[in-house]
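Descriptive structure summary
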Amino acid sequence: MTSTSIRTRLIASIAAIQITGAALVTFLFLSHERSQSYAALDATLREQAAVIRSLIEAPEQPNGPFVFHKEFLSIPSSDLFLITDVRGRTISTSRQPLPPVILPPQPRAVLNLHLAGKPYRALVLQNLPLVDPDAPPSPESQSITLIYATPTAPVEAHLRHIATQAAEACLALLASATFISAWALTFGLRPLRNLASDAEKIDVGHWTLSQLEEGRRFTELRPLADSLARLVDRLRNAFHRERQFFGDAAHEMKSSVAIVRSTVQYALQTDRTAAEYRKELQDALADTARLQDLVAGMLDLARIESNAAPPTPSEYTSAEVHAEVQRVIARLRPLAAARHVRVHTSAEPQETWARISEEDLSTTLTNLLENAILYSDPGKQVTIAIRTCKGHCEIIVQDQGCGIAPTALPYIFDRFYRSDASRTRSTGGVGLGLSIAKALITRANGTLSVESEQGKGSAFRIAIPTVEMSPSS
Amino acid sequence: MKILVIEDEKRLAHNIARSVREACGYAVDLAFDGREGLYLASEGSYDAICLDLMLPGMTGTQVLTELRARKLRTPVLILTARDETTSVVALLNQGADDYLAKPFDLDELKARLQALIRRSQGHADSLLSVGDLEMDVARAIVRRAGAAISLSPMEYRVLEYLMHRPGVVITKAKLLEHLYDFNWEKFSNVVEVYISGLRKKIDAGAGTKLIHTLRGHGYMLRHGAPE
């Protein structure tokens, strides 16, 4: 991937805008200057022509010779002129003669000519009556044609000079503007670099962005700084959750191993009878059950979480909710009977097919119902309600147990979480059941939520999408 | 000797208790949560306490802090599955005497308990002696003038308690309390039975009597006549 510099891009844009602006301004300025210069040149031409005309005397008689008082004429040596009468006869000409010129149809005209390879500006006055206050009204024979030409080279040189100066000024401006904007951008982007080097330092032992407040001061950086802060927060929380999980998992394992070990060591402490050894071995075997549950739960959770993507339509399996609920109740009836807890269902009679595998639904319901029974006092009742709504169904497991403290409620689905350190131990669980249930329901695109009131009981609510058509059809 | 085990893993607590009872001959009381543990530790007089850290009701750390705040100097052996060094340092600073990480060896637990009790009584090793009477608490051997003496478990327990406190008058009630678990029925006359049994085995053939009875007060183990 090629990397692009925002700074270079911004500087290039600024330079492009400046070049365009400078070119436009220079062009307008030069056009104006050009028309001004040529207007001035034309005025000079007219002035010179008027002088020349005033130096011509009309002939005394008709067809007599014109008199031109050339000795009074003072014009630049580079200027050329030609005076002819109506018949085309030359009356006078400049020292260097004017080459032949194709006369334009208009009697008065300003022409741009190339004479002897050089550019000239020429004023052509045809049928120009001579001005003589003493003379009688002039007949046509007293008119002349005057062509006066002056080289445009000095004007062009002047214009080129101005253009060069303008270009130099623009270039200087451009260079300094580029330099200043480059510096300003480098300076202006420093908070961004600070934020980046700050983010670079984020590590498992270092979770603070020291430049965050500095970054948040800039409107442009605030979204970045905020999202960076949230990212760091999320990462830190995730990392701490994982660390907590490993710590808790290790704790549970060590505790479970400690029990097995102590049972075996007690058995080996002294010589015992065969019956005593048998009893101790049976106890040790029973002690390993918890370790086994723990390992199985952790593996289940790891498997579900690693396969967290929702199943593709071809993998859809579905479970009949009522039948599954009844199966789970039947399986847990001995536990409920032992704890003197009644399990009751309240459901609409029609079949409901939920978009979840039977195994997953069964595991979830077992975990929830088992908890409900274990946390209920003898004589209390657990109710499982099934409701079908459009597109999804709800299964609510409601107990009349001690409830969950509001402070503990947000964490009960966390792995190994215990609102009271004794909860899972006294009830025999390992603290993974609710996490597994949550992971399974989430994987099936459903939700698992809880409402609880201390002293009154808790209600766990599963909501899962349903299959409209029965899969047997 | 009597110890208190505060541990909410009931299976582990029972295993510790029966192992210590069987191997060391100590009386063992159990508490399955922090509050009960603190109550027992404050009320009963124990020679050592095994304290788990993760307890319902009250954490082990809180129990320990509270015990030390109440000026109870009973040695405390911490049992925990957490093994971060920082928490160990903090625990020792809060007044714990020793620390054992789960899963532990029961033999090690017993050895550490005995060492704690020994040290708290001012002995550096497992060999206790009063005059020419010697007791090796680690191997449960008693000798008088080099000759081994065989004692019943209860006689051994009475003698061990007395040998830890030579020259101190021990009342019958105190002796009883240290010999039995909380849930045993206590009959004061059994103490007299054990003492007379000990007299026969220890003092009978010897020139100097070591076990002294102070009528109306109690018993004392001492080399030489009482002042």
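Fair warning: this is a prediction, and the values are worked out from it, not measured in the lab. (Residues numbered from 1 in each chain as written. Chains lettered and ligands numbered in written order. Predicted model: local features only at pLDDT ≥ 70, side-chain atom pairs only at ≥ 80, totals over all residues. Heavy atoms only, no water.)

Our focus in this paragraph is the sheet that holds strand β5 (residues 108–115) of chain A. Residue and element names in this part refer to chain A. The strand order β4-β3-β7-β6-β5 describes an open sheet built from five strands, whose pairing is antiparallel. The sheet is open, and its two edges are formed by β4 (90–93) and β5, each paired on a single side. With direction set aside, neighbouring strand axes in the sheet form an average angle of 20°. Here eight bridges tie β5 to strand β6 (residues 118–129), and the two strands are oriented antiparallel to one another. Along β6, the bridge assignment pairs Arg 108 with Leu 125. With respect to the sheet, helix α1 (residues 6–54) is in contact with β3 (80–85), β5, β6 and β7 (143–151), its orientation differing from that of β6 by roughly 45°. (Pairing = 2+ DSSP bridges. Helix = DSSP H or I, 4+ residues; strand = E, 2+ residues; numbered from the N terminus. Axes fitted to C-alpha atoms, helices over the stretch in contact; angles between N-to-C directions. Contact = heavy atoms within 4.5 Å.)

Here we take up the interface of chain B and chain A. Taken residue by residue, the interface counts 24 residues in chain B and 25 residues in chain A. When the two sides are added together, the surface that chain B and chain A hide from each other amounts to roughly 2,100 Å², 47% of it contributed by carbon and sulfur. In this assembly, chain B and chain A are joined by six salt bridges. The salt bridge involving Asp287(A) is made with Arg11(B); its shortest N-O contact spans 2.8 Å. For the side of chain B that touches chain A, the secondary-structure elements that each account for two or more residues are α1 (10–24) and α5 (106–120) of chain B. (Buried area = accessible area lost by both parts, 1.4 Å probe. Salt bridge = Lys/Arg side-chain N within 4 Å of Asp/Glu carboxyl O.)

Our focus in this paragraph is the environment of Leu100(B). Residues and elements named next belong to chain B. Positionally, Leu 100 belongs in strand β5 (residues 98–101). Assessed through its relative accessible area of 4%, Leu 100 is described here as buried. In this structure, the C-alpha to C-alpha distance between Leu 100 and Val 88, residues 12 residues apart in sequence, is 9.7 Å. What Leu 100 contacts, discounting residues up to four positions off in sequence, is Leu 77, Ile 78, Leu 79, Thr 80, Glu 108, Leu 109 and Arg 112. (Buried < 20%, exposed > 50% of the residue type's maximum accessible area, 1.4 Å probe, protein only.)

The next subject is the packing of helix α6 (residues 153–164) of chain B against helix α7 (residues 172–179) of chain B. Residue and element names in this part refer to chain B. Two elements in contact, α6 and α7, have axes whose closest approach is 10 Å; the angle formed by their N-to-C orientations is 120°. Taken together, the axes of α6 and α7 lie oblique to each other. Considering only the axes of α6 and α7, their crossing is right-handed. In contact with Met 154, Arg 157, Val 158 and Tyr 161 of α6, α7 contributes Lys 174, Leu 175, His 178 and Leu 179. For the contact of α6 with α7, the class distribution of residues is five nonpolar, one polar and two charged. (Parallel < 35°, antiparallel > 145°, perpendicular 65-115°, else oblique. Left-handed = near helix turned anticlockwise from the far one by under 90°. Nonpolar A, V, L, I, M, F, W, Y, C, P; charged D, E, K, R; others polar.)

A few words on the pairing of strand β7 (residues 133–136) of chain B. All names here are of chain B. Across four bridges, the pairing between strand β6 (residues 127–130) and β7 is antiparallel. Following the sheet pairing, Ser 129 is matched in β7 by Glu 134. Between β6 and β7, which pair antiparallel one after the other, the connecting turn spans two residues, and Gly 131 there sits at a positive phi close to 60°. As judged from the four bridges shared by β7 and strand β8 (residues 141–144), these two strands associate in the antiparallel manner. When the bridges of β8 are listed, Leu 133 appears paired with Arg 144. Taking the residues that link successive antiparallel strands as the turn, the β7-β8 hairpin has four residues, and the phi of Ala 140 there is positive, at about 60°.

It is possible for side chains of opposite charge to pair when their charged atoms get near one another. Tallied over the full model, the rule gives 36 salt bridges over all chains. Between Arg217(A) and Glu214(A) there is a salt bridge whose closest N-O contact spans 2.9 Å. You can call Arg217(A) exposed: its relative accessible area is 59%. Residue Glu214(A) is classed as partly exposed on the basis of its relative accessible area, which comes to 30%. By sharing partners, the salt bridges in this structure join Lys279(A), Asp283(A), Asp287(A) and Arg11(B) into a single network.

What follows concerns the confidence of the model for chain A. When pLDDT is averaged along chain A, the result is 84; 92% of the residues meet or exceed 70. The least confident element of chain A is helix α9 (residues 423–427) of chain A, whose mean pLDDT is 46; the most confident is strand β14 (residues 457–465) of chain A, at 92. (pLDDT = per-residue confidence, 0-100.)

Before going further, it helps to spend a moment on helix α8 (residues 358–374) of chain A. Compared with an ideal rise of 1.5 Å per residue, which puts 17 residues at 24 Å, α8(A) spans 24 Å between its outermost C-alpha atoms and is within 8% of the ideal. Burial analysis of α8(A) places 13 of its 17 residues in the buried class, which makes it a mostly covered element. (Expected span 1.5 Å × (residues − 1).)

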